[in-house]
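Take a look at the letters that make up each chain.
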Amino acid sequence: MSAFAQPIRTRPGFFKRWQTMGVIGVRMMFHDKLKLVGTLFGVVFAVVLGNFQVGTFMSLLFKNRMFVENAQVDVWVTPPGTRQFQGGTPLNDSQLNRARTVPGVAWAEPLIVQAVQLKLPNGGSEPVSLVGTRAPRFAGGPWNLVSGQTDALLQPDAVIFEDAEREKFGGLNLGSVRELGGHHVQAVGFTWGLLPFAPAYAFAEQTLVREITKQPVDKHTFLVVGAAPGVSKTELRERLQLALPDTRVMTRDEYLSEILKYIVFATQIGFSFGTSTFMGLLVGLITVALSMFSSVVDNMRQFGTLKAIGATMGDLARLLFVQAMVYAVVGSLIGLGMMSALVQGIRNPQLTPILPGVSVAITFGLMIGVCLVASVLALFRLRQLEPAMVFR
Amino acid sequence: MSDQPAVVLKGLTKTYGTGALAFQALKGIDLTVPQGEFMMLVGPSGSGKTTLLSILGCVLTPTSGEAFLFGEPLHGRKESELPDLRLSYIGFIFQGNNLLPALNLEDNVAFPLELRGKSRSEALTEAREVLSAVGLADKMKRHPDDLSGGQRQRVAVARAVAGRPPLILADEPTAALDAETGQQVTQLLKTLSTERGHTVVVVTHDNRIFHYADRTVHIEDGLLVRPPENH
């Protein structure tokens, strides 16, 4: 070895550079705990607010689509202009009979859905969405039964109610008698969670429903159709639409999609939820960006030292990138954990925010994007930093 | 490289700003520093010594003239080439020590070694050796905030000499220290640089440490001047 020190020509490889700068970046983050908490708060706030909005919107969507989703119906014949699960001009028997003659139709049944007042023991009243389904198929009949059987609807004056509304309906139990639309009915079963934004669903055999609602025997809210085995639902929908030009015919999936489009585009709900979700993300971005930016400004001398010693702009970008990723991943995990606890804590049939897997994945993606944008803004500040400042 | 002087400056100038606001900090510096020399650069505030140190440290480019480090030209370099030159040639000791408070002492010394391509374990081994050499073997896991000013400056010395870069640049290394600690740190730097074959350029106001220098170079108003007769 020479007596004098020699130039050092070795340099780290690609991964070693990431490791070195990443470790420094993480240690700098955890050294300034106040700033760490502040930045994570921004990410957590954005995650919780964004997911709560999405979860509530999904819940709203679920409530509006639950009947079509669960009715075990292949094709729906609805009044013209139908865009959500709501009746319009009644359909008639001649349309029902024509539907039954269309090739590929295995069965077609009428369905009645109508709001009716339930008289309470205390003299008050509560509305229910009474569904008339026809025996013995009971197409569009009750699901999620927690007490009783669908066949119990064959008993005289039998109605299946929603379990979550029992208290509201005056302490309703199996065998309880109530006056529904001026007609005495008996509770023979209970469903769980069938609470749309309209009044809770109650189910009865169609003959009874016609007596209660005074709906003529040849008038129906919807016609529900089952496809014969091997018949394409889309093809069947086309045939039915040709046979029934004065109606709107949709497959189950088309009807679900139509309700979604209606909620998102035809009401202000999509705009409202979208705006608040966007605001959550914006607040998160601003908080993280300000925090990372101020962290850079506060530690300018340290970054100057790193530059003076030989760290390149690429090295500093790696440091900020790793910090951004840690903020995004840790903040998202905390936020999603809080969101999950919140959903479990408030879960009930009236309000059930839904946290779908795709929302969790999008959250990670968006938060990583937000934190990366923040780190790029901080990097712009570092580009202006002259390493000579360490000698001043 | 062994025959080359550590530093050669020819007609070096540096001007900040342009037009009426232009200020010429260096007005034509000629200087040669042989390898292994322990040189002190002294002068009053505003004389240009920090500017000269910044050019030697490859953190600032000269306006005109020529500058060589171990025969390698610094003038005409792109800014993007300078970090690599710093890693190859220079260890820094700053006035305020500039240790990273988030890292413990061994990591503070190890990370420039990792930037130079050493593995984590090699860097830590060398960092521990150098920290032992500066008398801080028992404090390697401590953070800079836990140390006295003198101890921090010893860590800064350890960080500068770790990896054995050929040139050590020290900017007022005793400015924040009391007289006795300043002497100890300078003695330490002198001893280590002699043992390990570093060339050292120290910018200082502190005349109590002048006697450690092999040579003292005076700068005033952007020009090198002859030292006062009584020095």
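Quick caveat: nothing in here was measured; it's all calculated off a predicted structure. (Residues numbered from 1 in each chain as written. Chains lettered and ligands numbered in written order. Predicted model: local features only at pLDDT ≥ 70, side-chain atom pairs only at ≥ 80, totals over all residues. Heavy atoms only, no water.)

Tallied over the full model, the rule gives 31 salt bridges over all chains. A salt bridge links A:K35 to A:D32, with the shortest nitrogen-to-oxygen separation between them at 3.9 Å. Taken together, the salt bridges that share partners define one network made up of A:K16, A:R27, B:D107, B:E114 and B:R120. (Salt bridge = Lys/Arg side-chain N within 4 Å of Asp/Glu carboxyl O.)

The subject of this paragraph is the sheet that holds strand β4 (residues 64-69) of chain B. Either a parallel or an antiparallel arrangement is found when strands of a sheet pair, and the pairing is made through backbone hydrogen bonds. All names here are of chain B. A sheet is described by the order of its strands in space; here four strands give the open sequence β2-β1-β4-β5, paired in antiparallel fashion. Here the strands that pair on one side only, and so sit at the sheet edges, are β2 (23-33) and β5 (72-73). Strand direction decides the pairing type here: strand β1 (residues 7-16) and β2, joined by eight bridges, are antiparallel. Bridging across to β2, T13 finds its partner in K27. Running over the sheet, helix α1 (residues 49-56) touches β1, β2 and β4 and is turned about 120 degrees from β1. (Pairing = 2+ DSSP bridges. Helix = DSSP H or I, 4+ residues; strand = E, 2+ residues; numbered from the N terminus. Contact = heavy atoms within 4.5 Å. Axes fitted to C-alpha atoms, helices over the stretch in contact; angles between N-to-C directions.)

Before going further, it helps to examine the sheet that holds strand β9 (residues 215-220) of chain B. Residue and element names in this part refer to chain B. Strand order in this open sheet of six strands is β6-β7-β8-β3-β9-β10, and the pairing throughout is mixed. Each of the sheet's edge strands pairs with one partner strand only, and the pair in question is β6 (90-93) and β10 (223-225). Recorded for the sheet is a direction-independent mean angle of 25 degrees between the axes of neighbouring strands. Here strand β3 (residues 38-42) pairs with β9 via four bridges, running parallel. Bridging from a neighbouring strand, V42 pairs with H218 of β9.

This part is about the layout of surface pockets. By volume, the largest pocket is sized at about 430 Å³. Surrounding the largest pocket, 19 residues form its lining, A:K307, A:L385, A:P387, B:E79 and B:S80 being those nearest its centre. Residue composition of the lining of the largest pocket, grouped by class: nine nonpolar, four polar and six charged. Estimated volume of the second largest pocket: approximately 290 Å³. In terms of lining, the second largest pocket is formed by 17 residues, of which the most central are A:F85, A:Q86, A:S129, A:A198 and A:Y201. Broken down by secondary-structure element, the contributors of at least two residues to the lining of the second largest pocket are α2 (33-70) and β3 (105-119) of chain A. Of the residues forming the lining of the second largest pocket, the biggest block, three residues, is contributed by β3(A). (1 Å grid on protein atoms, 1.4 Å probe; cavity = no way out; pocket = protein on both sides within 12 Å on 5 of 7 lines; lining within 4 Å. Points joined across faces, edges and corners; volume = space filled by probe spheres on them. Nonpolar A, V, L, I, M, F, W, Y, C, P; charged D, E, K, R; others polar.)

Turning our eyes to something else, we now look at the confidence of the model for chain B. When pLDDT is averaged along chain B, the result is 93, and 97% of the positions lie at 70 or above. With pTM at 0.81, the complex prediction returns an ipTM value of 0.93. (pLDDT = per-residue confidence, 0-100.)

Right, let's talk about the interface of chain A and chain B for a bit. Taken residue by residue, the interface counts 35 residues in chain A and 42 residues in chain B. Buried surface at the junction of chain A and chain B, summed over both partners, amounts to about 3,600 Å²; 61% is from carbon and sulfur atoms. Across the chain A-chain B interface, the total number found is four salt bridges. A salt bridge links B:D84 to A:R11; the shortest N-O distance between them is 2.6 Å. Our enumeration of links across chain A and chain B arrives at twelve residue pairs in polar contact (both at pLDDT 80 or more). Those elements giving two or more residues to the side of chain A that touches chain B turn out to be α1 (14-31) and α8 (300-309) of chain A. Of the residues contributing to the side of chain A that touches chain B, the split by class is 18 nonpolar, nine polar and eight charged. (Buried area = accessible area lost by both parts, 1.4 Å probe. Polar contact = N/O pair within 3.5 Å; in protein donor to acceptor, adjacent residues only side chain to side chain.)

With that settled, the discussion passes to the packing of aromatic side chains. Residue and element names in this part refer to chain A. Counted by the stated rule, this structure contains 22 aromatic pairs over all chains. Between the aromatic rings of F14 and F15, the centroid separation amounts to 5.2 Å while the plane-to-plane angle is 85 degrees, which identifies the pairing as edge-to-face. Residue classification places F15 among the exposed residues on the basis of a relative accessible area of 68%. Ring geometry for F161 versus F169: centroids 5.9 Å apart, planes at 70 degrees, classification edge-to-face. Of the two residues examined, F161 and F169, each falls in the buried class. Chaining the aromatic ring pairs together yields one cluster made of F67, W76, F85, W143, Y201, F203, F222 and Y255. Geometry around F197 places K63 over its ring, the cationic atom sitting 5.6 Å from the centre. (Phe/Tyr/Trp six-rings, centres within 6.5 Å; stacked < 30°, edge-to-face > 60°. Buried < 20%, exposed > 50% of the residue type's maximum accessible area, 1.4 Å probe, protein only. Lys NZ or Arg CZ within 6 Å of the ring centre and 35° of its normal.)

Look at the link from A:A135 to A:P136: it is a cis peptide, with omega at 5 degrees. Along the chain, the position of A:P136 falls in the loop between β4 (125-133) and β5 (145-147). Phi is positive for B:C58, close to 60 degrees, though the residue is something other than glycine. Position of B:C58 relative to the elements: it lies in the loop between α1 and β4. Even without glycine at this site, B:R164 takes up a positive phi of about 60 degrees. As for its position among the elements, B:R164 is in the loop between α5 (149-161) and β7 (167-171). By relative accessible area, which is 16% here, B:R164 ends up buried.

With that settled, consider the packing of α2(A) against helix α9 (residues 313-346) of chain A. All names here are of chain A. The N-to-C vectors of α2 and α9 enclose an angle of 45 degrees; their axes lie 8 Å apart at closest approach. Considering the angle they form, α2 stands oblique to α9. Pair α2 / α9 crosses with right-handed handedness. Each of L36, T39, L40, V43, V44, V47, V48, N51 and F52 in α2 lies in contact with α9, whose residues at this interface are Y327, A328, V330, G331, S332, I334, G335, L336, M338, M339, L342 and I346. Per-class residue counts for the contact of α2 with α9 are 16 nonpolar, five polar and no charged. (Parallel < 35°, antiparallel > 145°, perpendicular 65-115°, else oblique. Left-handed = near helix turned anticlockwise from the far one by under 90°.)

Time to look at empty space enclosed by the protein. Tallying each qualifying case throughout the model produces five cavities of 30 Å³ or more. Looking at the largest cavity, the residues that line it are A:Q19, A:T20, A:V23, A:I24, A:R27, B:L103, B:D107, B:F111, B:E114 and B:R120. Counting only elements with at least two residues in the lining of the largest cavity, the list comes to α1 of chain A together with α3 (105-115) of chain B. Residue composition of the lining of the largest cavity, grouped by class: four nonpolar, two polar and four charged. Taken as a whole, the second largest cavity spans an internal volume of roughly 70 Å³. As for the second largest cavity, its lining consists of A:I309, B:I90, B:G91, B:F92, B:P112, B:R116, B:R159, B:A160 and B:P165. Residue assignment for the lining of the second largest cavity shows that the elements contributing at least two residues are β6 and α5 of chain B. When residues in the lining of the second largest cavity are grouped by element, the largest group, three residues, is from β6(B). Of the residues assigned to the lining of the second largest cavity, the class counts are six nonpolar, one polar and two charged.

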